[in-house]
Structure formats: C-alpha cells, structure tokens
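Here are the chains, one letter per residue:
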Amino acid sequence: MAMKENGHKNGYRVIGTRPIRPDGVDKVTGRAVFGADLHLPGLLYGKVLRSPHAHARILSIDTSAAEALPGVKAVITAADLPQVADKVKSLGESVGNLRYMSENTLAREKALYHGHPIAAVAAENIHVAEEAVNLIEVEYEPLPVVLDGREAMQPGAPILIQGLRTDELGKLGSEPTNVAAHIQHKRGDVEAGFAEADVIIEREFRTETVHQGYIEPQNGVALWNDDGHIHIWCSTQGAFAVRSQISDLLRAPISQVTVTPLEIGGAFGGKINVYLEPLAALLSRKAGHRPVKMTMTRAEVLKASGPTSGSWIRVRMGAKKDGRITAAQAELVYEAGGFPGSPVGAGAGVILAPYRLDNLQIDGYDVLVNRPKASAYRAPGGTNAAYAAEAVADELAEALGMDPIDFRLINAVKEGDRRADGPMLPRIGYIETLQAIKNHPHYRQPLEGPHRGRGVAVGFWFNWGGKSSVSASVNEDGTVNLVEGSTDIGGSRASIAMQLAETLGIAAEDVHPQVVGTDLVGYNDVTGGSRTTYGTGYAVHALGVKLNEIMRELAADLWDVDVEEVRVEGGVFSAGDRSITFKELVAQGSDTPITASAATHPKDAGPAFAVHCVDVEVDPETGKVTILRYTAAQDVGTAIHPSYVEGQIQGAVAQGVGWGLNEEYIYDEEGHLLNASLLDYRMPTAPDLPMIDAVLVEEAPTPGHPFGVRGVGEVSIIPPPAALANAIHRATGVRMTALPMSPSRVMKAMIEH
Amino acid sequence: MSTKTIVHTTINGDPVEFLCEPRQSLLEVLRETLLLTGTKEGCNNGNCGACNVIMDGVLVNSCLVLGVEAEDATITTIEGLASPDGLHPLQQTFLEHAALQCGICTPGFLLSAKALLDRNPDPTETEVRYWLAGNLCRCTGYDKIVRAVLDAADRRDRVTR
Ligand code: FES
Ligand code: FES
C-alpha cells in the first residue's frame, strides 16, 4: 500500500490527505440507515412471484386464493402496470427501451428467464406475503430454451421476442431474430496489415455470466399517497434515475414522484435499473395507500437482478519482429439476457484501446438468451473483452521473445491518438503507468519456484463526467453545510467535501456533506461511470468559487475597498497589507446569509488506464490457483483521498479475481439457475487474497478538471482475469481460454496439455 | 397464523423481552421487531456474515438462529460495541484505515473481529484472514479490513502491557 502523504504536493492542503470520512461513525456504529432499514407507520411487506421456467408463455394467472388469505392487502400482475410504448431511455451507464423495461418489471405474455417477475403481493408481514405468493396459480406453456449467445444467433434458434429485428450497423433487418444489434469499428486495411506481420496469433475465448455481488440485496419502500404523489425510499446509484424510471413506467408526472436515497450497500452498476420500486408503488396504491417495503432475497438477486453478460470473443493480432502491431481484429458476442442491452458497445471500445493501430476491425453482437437481463457491472463489458485481447497480446509478446511490458510500451496509445470508437485521446498517464510496473520492486524481482508464474495485463476505461448539482450554506462558525445528490457508495462524501474544502481553504472537517433526494437538490446523474469524484467534484469547485466571490464582497465591505482589490488564496482574503481568513471573515457577520449553488456538466472526463502484475502458484494436483502477490498500478490523475482511491483499486482487483478464478452462473439445460446462493456463487473471501498493492500514478492530472481528478472506480476490474491467465500460462504452460479458471477447468487443461 | 412466544434476553446490556413466532429468525427479530437495524441481512442463509452478532460469547449468524432460541441469551450487536467512553478500538481503526466503502458488511466484520480479538489478542495476518472467511465484503478486497484488525490488536496490546 502506498502510504505516501502527498497532501502538500502541488500546494494542496486538503487534497491528498486522509481524513476520516464524514459518514464514518454512523457506519461503524450501525446507525446509518440503509435501504432495507427504513420503517414507516403502517408498513406492509411485499413479495414477488417469479417464473419457475426460463422460457414460457403465460396462459393464465389466478390470484383469488392469494387475495383471500388473511393479512393480504394487495396483489398485482402485469395487468396493473400501464402499457408503455417503445422509447429509448438512457440511464447513464446503460440504455434501454422503456417497453422492455416494463416487461422486465412484470412479465406480460412470456417469461424470458428463470426468476422473471410474474406477480406481486403486499401483506401485513413478509411471511404472509410469502404464503400468498405460493397461492397464486399460473398456467405456463413451457417453450424451448436458448442459453448460449452463439447458439441463439443460429437460424432455427428459439426466438425470445417475436418483434425484434437486428439493428445492423444502423439499418433494421427484416426477419425475427435474437440478435438485437451488430456494431462495428473499422480503420485501415486489416488484411494488408496481417500480410505485413511476422507473427499472427488468433484465439477464441468463452466467459460466463457473473454478478456484481453487492452484499446488500435490492430494496425499496414506496408510498403512493392519496393525493397521487409517489414517494420512494431505496438504495440506488441515482435518485433521479429512479424518479425518471418510476415516472415512465407508471406514467406518473415527474413532479408527482419523490425519491429519497438511503445508504447503499454496494452497487457496482447493478443499482441503476429499478426492479422492486414500481411494484411497491403499485401495491401501495392498491393496498389503500399504505407504504410497502420490498427486499430481494439473495437467490432473487442472483436470479433476477441484472448480472453482466457471458460472452464469446475471438481476437486476432499480428506484429512485426520489432514488436509493432500491424493489425488487430476482434469479434464479440455478448449475451444480453431476455431483453436487448448487453454492454457489447463498451466491450468493443475497450478491447483494443491500449494499442496504437493503423489497421483494425471490431464487430460486436448484442444477443438475447434466456438469462436475466444484463445490467451494468463496473466497467461494463470491459473485463471479458480485455481478457481475450490481453491474453493474445501476451502470447504475441512471448512469440516475439519480448518482455510483455516492453511489448505494450512499443504499442502504447498516447495523447493525440484516436480510439477505435472515434474520440481523440487527451493527456493520459498510460505510459507512466506501464513504467510504474516495470520499475516496481515486484516486477524487478524474479519469481522463483515450481508451478509458479507471473502475468501482466493492462486495461482501459472511458470514464464519464455527467451532470451534478450542489448547494451550500455557510454557518456562523465558518463551517459549511454541503448538499449534494450523488449517492455515496464508497467514500464520495469525503472526496467531494475535500474538494470544496480545498477551494475554500478550510479544513476537510469543516465541510459537512449531506446526500439528499430529488426534491431537495438539482438534477444529478447516477453515481456510476467513475464520475462522482470527478463530476460532482467539478461542481463543488464551481460552488466554492461562487462562495469565494461572496466572501470577497464581504471583505471589500469590511475594508471599504473595491471588490477588485480583494484577492483570495488558500482561504485567505487580502487587499494591500490587510488579510483575513475565511472563518474570521464569517465571524465578522454578514447582513445576508451566505449561500450558493452550482450545476455543471463537464464533458471531457479523461479515460483511465491500469497495469497489473500478479504472481500465482498452481497446485498440480488440484488445479487451484493461489495468488502470491498482486500489484495494481493505475493512472489516477490526482488522488483526492488516497485511501479511498487505493480502496477502489483493491476492491476492483478482488472482483476481477473472482471473475477470473471462480464466479459463474451455472444453469441446467432447461435454464434453471443452479447456484443462486453465495455459497455456490463463489466470490473471493479474505483468505483467497493477499494484500493488494495499489500504486497511484499521479503523473497526468486530467486536463480541464480544476484538481486534475480522473475517475478511478472502474478500470482496475479489467486486467485481473487476463493477468491471471497469463500467470497461469507461465506456471503451467497452459493457455486458459475460458473463464472462470476454476480448479476443475485448470486441472482439465493441464491434463489435456 | 402461528402463535407467538415471549422470549427474555439481554441485548447490549439491557434486559429485552420480545414476542416472536417460531419461524422468525433472530435476525428478523432484531431488525423488524426491535428495530436494531445495524445488524444487516446479505443472504439470510449463513453465507455472508453481515448479520453476525455475539450470543453468549459465541459469534453467530443471527439469520441461522431462531428468535425463540435466544431465551435467556446475552447478545451483543453492533449497537452495543461502542461504550459511553467512545468507539471500540476496532471501530476506530476501521475508520482510520478506510476499511469500509459502502459499509453494509462493516457491522458483521466488526463483531467477527471482536470475537477474534477476544480469544486471540495477537493474531497473525493469516489467522485474521481465516477467521474472517465467513464475512464477505465486495467493496474493499479485504486489504484495509485486515490491516485495521491487526492495528486494533496492536493498540490493545499496547494498552494492556
Ligand atoms: S445474512 Fe446471515 S450470513 Fe448472510
Ligand atoms: S464495504 Fe461494501 S461490502 Fe464491505
């Protein structure tokens, strides 16, 4: 862990220090109120009935026995949900069609995956609600199931949505299909490029469906009041995203919807889409306007909230003897689940992004299968894409007899290069991040011992700026109350408050941040896309500048000078030989309360790069992979609170390791999910991991951001599976081309080798 | 409808009586009946440790204990970890080491770690990791949690010596 204190670098006083987070005490004492913790008078409890079939026509639903059970207050089916038309809806990290979102909330004619919601009940307590759900009688006509993306593309495959037509590079096809979209990026002449190459490597890869795995299940409380106003309390990445979904799905004016975000127990992209909230609202109205609380069980979370896509990927890369890549080609098939919207677009943007390429072609397919609808998961679509490309890059470097870091340095993108998906790269710190690993004691020290190997891999992620609104009021004692709308999932109250404190020249502890709901602050995009410390930080800087302007006027009044004469620097206001601190100036009193607000929408969040190095030992008897050492370097721009930046990197690595080594959805042939528990869906535990050395590369502050912040939340989930695969290859001689690289798979590969 | 039983317990030092149905878990009673919502639910089947409490000196998954089984039991939940003098050393080191991100796993980790330090005041890193194997954290990668527990052990060591 890099414990270096860089607080005074660049003259910053607050940025780069490690204060205790403002919401910390509430979270270590059990006082913080998370979504499922809310209790309201008259609260009812809701429960969802889910499809036992992965693909079935719904012939009839009889709710009469459930309704007759004492304690049951309301039962709903899709008939209670308004019909909505096709409409494209952007939720920040994902784009969806409103009609499909509605059908994913409650199935209308067909169930498209095991766990698809069919009906819901509200009752006096959760046990009665569960009993009532079991009394609902549904008649299904089971249909043939397709679970694999490439099989779903074949002619004759069972069709999930009859009306779906392929969006073929912008033109709609004419036949029913499971392929929702084909996208393509192309540059130069790939075949000519491959003709120039001295070595060409081509491989195919398969990765499984994996889940975000947040520890707090989905939850929500809704009150549909007698006056038509809907109030939702839930844990979400974005209260405004919930408001707009509720408004659209229930056809309620946005002014009639209030969303209050409660504390959130992890999300990683999975808590942007609503699942329970619209049901709880409908139940509340039907139950006589009583509040209804709904929470998912863990099995429901795994079966029916959005995991991320399983995929099939082919990569072909060619290079000259000197290491320069002459051409690269990739084909990606992503399983969207029951409705369109896999992250294949992002995967296509990530897959070759770290390499300067004159000749490239990338084809991506978004394909429906009878699995839950995919939603965003940390750097959506990036990890599986990079797994394929980085394994091929590693093999290419090996074939050329080059060090894998040197191979990447020769081909590294830098400022001014164009990404495959179009945009020009601004100043980035990728090369510096490669150097950080190359010069790290970990990489310089040779790895010794049998069955051991070292792997490296790199990752790129886009990052996002987004819209933020904030406001502040200055208290009589010179402290500042900050109101923000960005859900705090991993310490962002601290990183936002620190940027305001830096702008005002006061202590971090003197800024008191509060996250509020949709009625109390201007619009905010979701906490996602690694945007909050960047984008909401950008907003509080603008806010601080406004407050400083007000304070300059106060100083000018005090000293009876022209406001232009008052300068401000680091919280000290001065004119001529007079000076006064922010706090002293507040203490002088102000005739008018000191408040300000700001709203911003920065467009140029700089992309992020990560370079990881891992040492493993593979048990030759069992195929189990043990991680001996892990170092993750990341281009972080400027680390506001270094501990939480390290935490983002360490947490992302752990998720990437789980994806790489153990996690997968296991279905039977009829599409039933067989491992819907946290025992059988195997996420990393403390003994599975070593300490994770997070190296913060701060050589390239992001241009355009007042403090050079670069989003840090996502990119480090991208390299781990590839780095592990490359390490396993060095340890065993085997190239693993399927995730997860679980003991049984590694063992099988070693035996076949 | 099942009938309810009256259960007598001591929770965080106070005598507490509650009524519960045989099918209700201790976790449900704590959260829904007693409104002690600091104890979290992540899985409700013993796989995540978010619901951990200390019952008669033993660390338990409260989702796997029935409410009626708590008759005469002495229970410590997260709400009882700090004292009037201040935070428990583990709470303090979790804050200083940034050992929580979202914080949903934190109450469970704190009680597990307390149970560890109560029986093994000077654990090694490996002992900490294996003791905490029943607590899942999806945010931190465990690095800072393990450091916070080791640091709390060090500090307690210094105080007692
Ligand atoms: S909720 Fe009890 S172990 Fe997960
Ligand atoms: S801090 Fe989020 S699960 Fe541990």
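Everything numeric in this text was worked out from a predicted model, so none of it was measured. (Residues numbered from 1 in each chain as written. Chains lettered and ligands numbered in written order. Predicted model: local features only at pLDDT ≥ 70, side-chain atom pairs only at ≥ 80, totals over all residues. Heavy atoms only, no water.)

Engineer: Describe the overall build of chain B, with residues and values.
Structural biologist: The secondary structure content of chain B amounts to five helices and five strands. Traced from its N-terminal end to its C-terminal end, chain B shows the element sequence β-β-α-β-β-β-α-α-α-α. Computed over its C-alpha atoms, the radius of gyration of chain B comes to 16 Å, within 12% of the 15 Å expected for a compact globule of 161 residues. Dimensions of chain B, computed from the C-alpha atoms along their principal axes, are close to 50 × 30 × 20 Å. (Helix = DSSP H or I, 4+ residues; strand = E, 2+ residues; numbered from the N terminus. Rg over C-alpha atoms; globule rule 2.2 N^0.38 Å.)

Engineer: If you had to explain the domain arrangement of chain A to someone new, which residues and values would you point to?
Structural biologist: Residue and element names in this part refer to chain A. Taken domain by domain, chain A holds domain 1 (144-425), domain 2 (434-456 + 607-753) and domain 3 (465-600). Between the C-alpha centres of domain 1 and domain 2 the distance comes to 20 Å. Taken together, the contacts link 48 residues of domain 1 with 47 residues of domain 2. Roughly 3900 Å² of surface becomes buried between domain 1 and domain 2 when both sides are summed, with 63% attributable to carbon and sulfur atoms. When residues of domain 1 are sorted by the area they lose upon contact with domain 2, R378, Y387 and I405 head the list and together hold 19% of the total. Our count for the domain 1 to domain 2 interface comes out at five salt bridges. Here R735 makes a salt bridge to D394, at a shortest N to O gap of 3.0 Å. Counting every contact that joins domain 1 to domain 2 gives 20 residue pairs in polar contact (both at pLDDT 80 or more). Elements with a contribution of two residues or more to the side of domain 1 that touches domain 2: β12 (199-207), α9 (298-304), α11 (382-400) and α12 (404-411). (Domains from an automatic or database assignment. Contact = heavy atoms within 4.5 Å. Buried area = accessible area lost by both parts, 1.4 Å probe. Salt bridge = Lys/Arg side-chain N within 4 Å of Asp/Glu carboxyl O. Polar contact = N/O pair within 3.5 Å; in protein donor to acceptor, adjacent residues only side chain to side chain.)

Engineer: Break down the pairing of strand β13 (residues 219-224) of chain A for me, citing the residues and quoting the values.
Structural biologist: Residues and elements named next belong to chain A. Burial analysis of β13 places six of its six residues in the buried class, which makes it a mostly covered element. Residues N219, V221 and L223 of β13 are buried on one face, and the alternating residues G220, A222 and W224, pointing to the opposite face, are buried as well. Bridge count between β13 and strand β16 (residues 292-295): four bridges; the pairing is antiparallel. By the bridge assignment, N219 is partnered in β16 with T295. Direction of pairing for β13 relative to strand β14 (residues 230-234): antiparallel, over a ladder of five bridges. (Buried < 20%, exposed > 50% of the residue type's maximum accessible area, 1.4 Å probe, protein only. Pairing = 2+ DSSP bridges.)

Engineer: Pulling in residues and values, what's your account of the sheet that holds strand β10 (residues 171-172) of chain A?
Structural biologist: All names here are of chain A. The strand order across the open sheet formed by seven strands is β10-β9-β11-β19-β18-β17-β12, and the pairing between neighbours is mixed. The open sheet has two free edges, formed respectively by β10 and β12, since each of these has just one partner strand. The sheet contact formed by β12 and strand β17 (residues 311-319) spans nine bridges and is antiparallel. Bridged to T207 within β17 is S311.

Engineer: With reference to specific residues and values, describe the nonpolar core.
Structural biologist: Among the nonpolar cores identified, the biggest contains 197 residues, and A:M317, A:L332, A:I351, A:M741 and B:F94 are the most heavily contacted of them. The element that contributes the greatest number of residues to this core is α11(A), accounting for eleven residues. In this structure, A:V480, A:M498, A:M551 and A:V709 belong to the second largest nonpolar core, which totals 42 residues. (Core = buried A, V, L, I, M, F, W, Y, C linked by side-chain atoms within 4.5 Å.)

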